[in-house]
Amino acid sequence: MIAGASTPAVETVGLRKTFGAKHAVDGIDLSIRRGSIFGLLGPNGAGKTTTVRLLATLLKPTAGTARVLGHDVAREPEAVRRRVSLTGQFASVDEDLTGRENLVLIARLLGHGGRDARARADELLAAFDLDDAAAKQVRTYSGGMRRRLDIAASLVTTPDLLFLDEPTTGLDPRSRNQVWEIVRLLVDNGTTVLLTTQYLEEADQLAERIAVIDHGRVIAEGTSATLKASVGTGVLHVRLADPADREAARALLAAELGGPIHLDADPAALTATVPDPARAAAAIAATGAAGIRVTDFSLGQPSLDEVFFALTGHPAEPSPDDESAAATAAGRS
Amino acid sequence: MAIDTQRRDVGAAIRAALKPRPQPKPAGTVSAVLTFGWRALLKIKHMPEQLFDVVVTPIMFTVLFTYLFGGALAGSTDAYLQYLLPGILVQSVVFTSVYSGLTLNTDISKGIYDRFRSMPVWSLSPVLGTMAGDVVRYTVSSLIVFAIGFLMGYEAATGILGIVAVILLLDLFAAGLSFIFTTLALLVRTPSTVMTLGWMVLMPLTFASNVFVDPATMPAWLQTVVAWNPVALLVTAARGLLDGTGSAALVAGSLVAPLVVTAVFGPVTMALYRRER
Ligand SMILES: Nc1ncnc2c1ncn2[C@@H]1O[C@H](COP(=O)(O)OP(=O)(O)OP(=O)(O)O)[C@@H](O)[C@H]1O
Ligand SMILES: [Mg+2]
């Protein structure tokens with residue numbers, strides 16, 4: 001049986017989608033293990049949403065193939081739709097309806113009878129901590145409530161594969177943690193999750209494997225550990241009391257940490273890639289010993305920008321048409 | 001710790017809610033269309049003001065025209081109300097049909113379109129369901145205008161049967177006509193553009209007609225326009241059904257336009273809704 005449990009949840013070969021002259025997805029090869037969380041990491045315009053919409057059968061590939069749970073998305077879209085759920089980047093619930101009505105609507109479309117649909121809606125509302133707002137119109141919901149409802153709507157029948165397109169963009173830390181918790185529980189339960197995000201931290205927290213995409217192409221793929229090995233495990237941000245010390249601090253940190261040092265836009269700040277947190281502590285101690293006063297420092301995960309810098313040697317850049325538009329605008333002025 | 005216990009409980013509730021269970025077969029075509037029709041009704045329930053928006057102008061016209069010009073136009077306000085009310089009824093329902101377009105336009109510009117399209121139900125059921133639900137909207141519009149008319153002293157010679165027949169006729173006409181607005185809605189960007197364009201189509205149709213005055217006093221060229229105006233044909237048929245001078249031929253004549261619109265704009269709407277976006 002082609003659709004057997006041994007096939008990957010998602011398998012794409014040379015997947016491509018062109019809008020006019022724009023290559024939104026430009027030859028992507030992915031293989032996602034069943035029961036895992038896969039992170040698609042990329043900046044604005046990288047092609048994350050387009051990839052998800054191709055896999056959810058909302059777009060037809062221009063070239064290449066995609067199999068979802070063993071079914072070809074172009075030839076068997078019905079079979080795919082029966083087993084996947086999509087929580088889109090932009091709220092995919094009806095703002096005019098109440099939270100409960102939204103879930104009942106989805107449940108009825110999925111074939112639940114009236115009473116059954118209402119019971120299912122109430123069960124999900126309670127589980128997602130939305131029972132107090134169940135009878136309120138969704139337009140009155142906070143961002144976090146809306147997201148939880150949106151995810152609940154995707155779980156009315158538990159899907160084999162869930163697409164979550166930037167599920168935490170714009171959420172406060174508490175709501176973001178709630179979403180992460182839900183995703184983890186879902187995977188415990190056997191569902192495969194394809195998650196897109198602009199945050200390395202999110203991909204790192206949740207995903208077993210991560211693909212970094214840019215301009216519709218995969219520029220790196222692997223476990224969070226391998227990805228971080230190429231990027232450095234963290235980034236040290238240092239701020240000096242006196243900007244005049246910056247050159248001295250740069251030389252010192254470079255010697256201590258052995259990696260490239262960024263000079264930030266802020267004339268008193270530097271950023272260094274850190275191979276090992278223990279050496280970061282030593283480096284900070286060394287600056288103090290050399291008489292360079294540090295007002296604050298922090299050790300953090302590399303941001304998407306830093307990942308890009310490490311992987312490509314240049315920062316994440318706007319897509320080529322944005323660039324050429326900017327260039328013509330500049331040329332004209 | 002309290003927080004930890006609470007977290008574990010939430011986890012347990014979510015886990016329980018996600019437990020695998022027998023899953024029903026997705027809704028069939030009819031059932032999906034009806035479900036989307038139910039959604040349209042919920043929108044009326046939550047936003048009844050939309051209904052009043054559309055009937056308030058016609059109601060103002062009814063009151064204003066009847067008391068201001070009624071005597072001059074028809075000899076007495078009572079006689080004019082008898083003439084005017086079927087026309088106002090048509091105007092209200094026809095304007096209400098623009099709202100079918102509004103829901104579609106909002107849907108395709110939001111993420112909910114992607115959700116519906118990614119579900120295992122017939123891809124056009126949201127369109128047909130919305131239109132089916134909107135028939136209730138047309139009926140409610142009719143009832144509001146009738147209620148105002150009765151308060152002002154309107155009498156339907158054919159009684160309840162005539163009233164029911166007119167409401168059904170108006171429902172059919174508006175449902176057919178709304179394919180123009182669903183097509184518009186799938187072509188333009190914002191709901192307010194749908195409204196503006198809708199009114200631009202409808203204003204001339206309802207004024208260059210026999211809604212307010214007997215076309216006999218109009219210049220010859222305008223009389224020709226009125227004679228071919230689908231709204232005027234509908235008004236004539238509706239008047240006939242209410243005052244007892246109607247005929248099957250008049251009713252059939254009034255339904256030609258919505259049938260043509262459905263035949264032309266129905267498939268266009270379907271194709272536009274289904275195209276990739
Ligand atoms: N329907 C469309 N028509 C034309 N161009 C499109 C369409 N959809 C996407 N694009 C273009 O394709 C590129 C990839 O878009 P996509 O939405 O997939 O990016 P993304 O990674 O999801 O970005 P974001 O983080 O901003 O959501 C962009 O340059 C976008 O402008
Ligand atoms: Mg996106």
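The structure displayed is predicted, hence computed values, not measured ones. (Residues numbered from 1 in each chain as written. Chains lettered and ligands numbered in written order. Predicted model: local features only at pLDDT ≥ 70, side-chain atom pairs only at ≥ 80, totals over all residues. Heavy atoms only, no water.)

### Structural notes on the overall build of chain A
Part 1 of the reasoning: Across its full length, chain A carries 12 helices and 14 strands.
Part 2 of the reasoning: Referenced to the eigenvectors of the C-alpha coordinate spread, the extents of chain A come out at roughly 75 × 50 × 45 Å.
Part 3 of the reasoning: Looking at chain A residue by residue over its 333 residues, the buried ones come to 50%.
Part 4 of the reasoning: For chain A, the proportion of contacts with a sequence separation of at least 24, taken over those separated by at least 6, is 67%.
Part 5 of the reasoning: For chain A, the accessible area works out to roughly 13800 Å², and carbon and sulfur atoms hold 53% of it.
Part 6 of the reasoning: Here chain A carries 35 positive and 43 negative side-chain charges, and the mean point of each set is 6 Å from the other. (Helix = DSSP H or I, 4+ residues; strand = E, 2+ residues; numbered from the N terminus. Buried < 20%, exposed > 50% of the residue type's maximum accessible area, 1.4 Å probe, protein only. Contact = heavy atoms within 4.5 Å. Areas by Shrake-Rupley, 256 points an atom, 1.4 Å probe, with all protein chains shown as cover. Lys, Arg positive; Asp, Glu negative; His and termini not counted. Charge placed at Lys NZ, Arg CZ, Asp CG, Glu CD.)

### Focus: the coordination of the magnesium ion (ligand 2)
Residue and element names in this part refer to chain A.
Part 1 of the reasoning: All of the protein donors around the magnesium ion (ligand 2) are Thr49 (OG1) and Gln89 (OE1); their distances to the metal are 1.9 to 2.1 Å. In this pair, Thr49 sits in helix 1 (residues 48-55) while Gln89 sits in the loop between strand 6 (84-87) and helix 3 (99-109), placing the two residues 40 residues apart along the sequence.
Part 2 of the reasoning: Judged by its relative accessible area of 23%, Gln89 is partly exposed. (Donors = N, O, S within 2.8 Å, 3.2 Å for Na, K, Ca; no water.)

### Observations concerning the packing of aromatic side chains
All names here are of chain B.
Part 1 of the reasoning: A full pass over the atoms with the stated rule returns 12 aromatic pairs over all chains.
Part 2 of the reasoning: Between Phe61 and Phe65, the aromatic rings sit 5.7 Å apart at their centres with planes inclined by 75°, giving edge-to-face as the arrangement. One end of the pair is Phe61 and the other is Phe65, both in helix 3 (residues 48-74) and four residues apart, which spans about a single turn. When sorted by exposure, Phe61 lands in the same class as Phe65, which is buried.
Part 3 of the reasoning: Consider the rings of Phe95 and Trp199, whose centres lie 4.4 Å apart with planes at 35°: the pair is tilted. With Phe95 in helix 4 (residues 77-96) and Trp199 in helix 9 (residues 191-207), this pair connects stretches of sequence that are 104 residues apart. (Phe/Tyr/Trp six-rings, centres within 6.5 Å; stacked < 30°, edge-to-face > 60°.)

### Quick notes on the pattern of salt bridges
Part 1 of the reasoning: Within this structure, the stated rule accounts for 27 salt bridges over all chains.
Part 2 of the reasoning: The closest approach of N and O atoms between Asp94 of chain A and Lys43 of chain B, which form a salt bridge, is 3.1 Å. One end of the pair, Asp94 of chain A, is in the loop between strand 6 and helix 3; the other, Lys43 of chain B, is in helix 2 (residues 29-46), on a second chain. Of the two residues, Asp94 of chain A and Lys43 of chain B, both sit in the buried class. (Salt bridge = Lys/Arg side-chain N within 4 Å of Asp/Glu carboxyl O.)

### Considering helix 3 of chain A
Part 1 of the reasoning: Most of helix 3 of chain A sits out of view: nine of its 11 residues are buried.
Part 2 of the reasoning: Taken residue by residue, helix 3 of chain A has Gly99, Glu101, Asn102, Leu103, Val104, Leu105, Ile106, Ala107 and Leu109 of chain A as its buried positions.
Part 3 of the reasoning: Residues of helix 3 of chain A that are buried in the fold lie against helix 4 (114-127) and helix 5 (143-154) of chain A together with helix 2 and helix 6 (112-117) of chain B.
Part 4 of the reasoning: Looking one or two residues past helix 3 of chain A, Gly111 of chain A carries a phi angle of roughly 105°, positive in sign.

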